[in-house]
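Tertiary structure, described
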Amino acid sequence: GCSALTRLTIPSGVITIKNSAFSSCAALTNVTFPSSVTTIESDAFSNCKALNDFVVDPANTSFVTLDGVLFNKQLTDLIKYPAGKAGTYTVPSSVTTIRSGAFRNSSGLSNVTIPSSVTTIENTAFWNCSGLTAFLVDAANPNFHSSDGVLFNKLQTVLIQYPASKPGSYAVPSSVT
């Protein structure tokens, strides 16, 4: 809840960023991680609504950023999308897992495109994305499907996420169990 903190540089030697360490830092826009950080817990930067950029030291063996978004070093796990980034976002085709809370509180996010490579979307990945109007899932994705912008499992038996800002009325498909 550091309301005046705008930029954060984690010093070298820090290994772990714990849950809620920088939660609700309303003015925080940029976070820079040193090579020493190996663990960033899922809620470490929750509710940082102005955050638009993560930067990771290139020598870090655990994490990397791409366009300000935080991933594991192999770019297979999308760990944290900065909540202050606005517009549409296409998940890179190398990603297989969208982690819990990855897009949490991303109110400016309007659309998310999920490639065929994503096999796991953890709980609360898209929690409180108040500006979200649609999910677009690649038709070749073996586990997920989108219909009219709504996110389902491939068989459309599980409704995973309804976009918070999708206008109008909606009838849940009869296939949903």
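Reading guide: rules and limits
- Residues numbered from 1 in each chain as written.
- Predicted model: local features only at pLDDT ≥ 70, side-chain atom pairs only at ≥ 80, totals over all residues.
- Heavy atoms only, no water.
- Helix = DSSP H or I, 4+ residues; strand = E, 2+ residues; numbered from the N terminus.
- Buried < 20%, exposed > 50% of the residue type's maximum accessible area, 1.4 Å probe, protein only.
- Polar contact = N/O pair within 3.5 Å; in protein donor to acceptor, adjacent residues only side chain to side chain.
- Contact = heavy atoms within 4.5 Å.
- Lys, Arg positive; Asp, Glu negative; His and termini not counted.
- Salt bridge = Lys/Arg side-chain N within 4 Å of Asp/Glu carboxyl O.
- Pairing = 2+ DSSP bridges.
- Axes fitted to C-alpha atoms, helices over the stretch in contact; angles between N-to-C directions.

1. Details of the side chain of K166
Note on placement: K166 falls in the segment after β16 (159–161). Residue classification places K166 among the buried positions, given a relative accessible area of 17%. For K166, the side chain forms a polar contact with the main-chain oxygen of D148, separated by 2.9 Å. Residues in contact with K166, not counting those within four places in the same chain, are L132, T133, D148 and V150.

2. Concerning the side chain of K80
Within the secondary structure layout, K80 lies in strand β8 (residues 77–80). One buried charged residue, K80, forms no salt bridge at all, with the nearest opposite charge on D43 at 6.2 Å. Polar contacts involving the side chain of K80 include one to the main-chain carbonyl oxygen of G101, which spans 3.1 Å. Not counting the four nearest positions on each side in its chain, K80 is found in contact with F45, S46, F54, V69, L70, G101, A102 and R104.

3. Topic: the pattern of salt bridges
Summed over all chains, the structure comprises 5 salt bridges. For D77, the salt bridge is made with R99, and the minimal N-O distance between the two is 2.4 Å. Separated by 22 residues along the polypeptide, D77 in strand β8 and R99 in the loop between β10 (97–98) and β11 (109–114) bring together distant segments of the chain. Given a relative accessible area of 11%, D77 falls into the buried group. Note that D148 and K166 form a salt bridge whose closest N and O atoms lie 3.5 Å from each other. Taken together, the positions of D148 in the loop between β14 (144–147) and β15 (150–153) and K166 in the segment after β16 put the pair 18 residues apart, joining distant regions of the chain. Through salt bridges that share partners, D77, R99 and E122 make up one connected network.

4. Digging into the sheet that holds strand β1 (residues 7–9)
Reading across from one edge, β1-β3-β5 is the order of the 3 strands in this open sheet, with parallel pairing throughout. Every interior strand has two partners, whereas the edge strands, β1 and β5 (53–56), have only one. Between one strand axis and the next, the sheet turns through 10 degrees on average, direction left out of account. Inspection of the sheet shows β1 paired to strand β3 (residues 30–33) by 3 bridges, in the parallel sense. Opposite L8, over in β3, you have V31 as the bridge partner.

5. Quick word on unusual backbone geometry
Positioned with a positive phi, S24 is a non-glycine residue whose angle comes to about 60 degrees. You can see S24 is positioned in the loop between β2 (16–17) and β3. What makes S24 partly exposed here is its relative accessible area of 31%. Notably, D148 is not glycine yet its phi reads approximately 55 degrees, a positive angle.

6. What about the sheet that holds strand β13 (residues 134–137)?
Reading across the sheet, the 3 strands line up as β9-β11-β13 and stay open at both edges, with parallel pairing between neighbours. The open sheet is flanked by β9 (87–90) and β13, the only strands paired with a single partner. The average angle at which neighbouring strand axes cross in this sheet is 15 degrees, direction not considered. In terms of strand pairing, β11 meets β13 through 4 bridges, oriented parallel. By the bridge assignment, N111 is partnered in β13 with A134.

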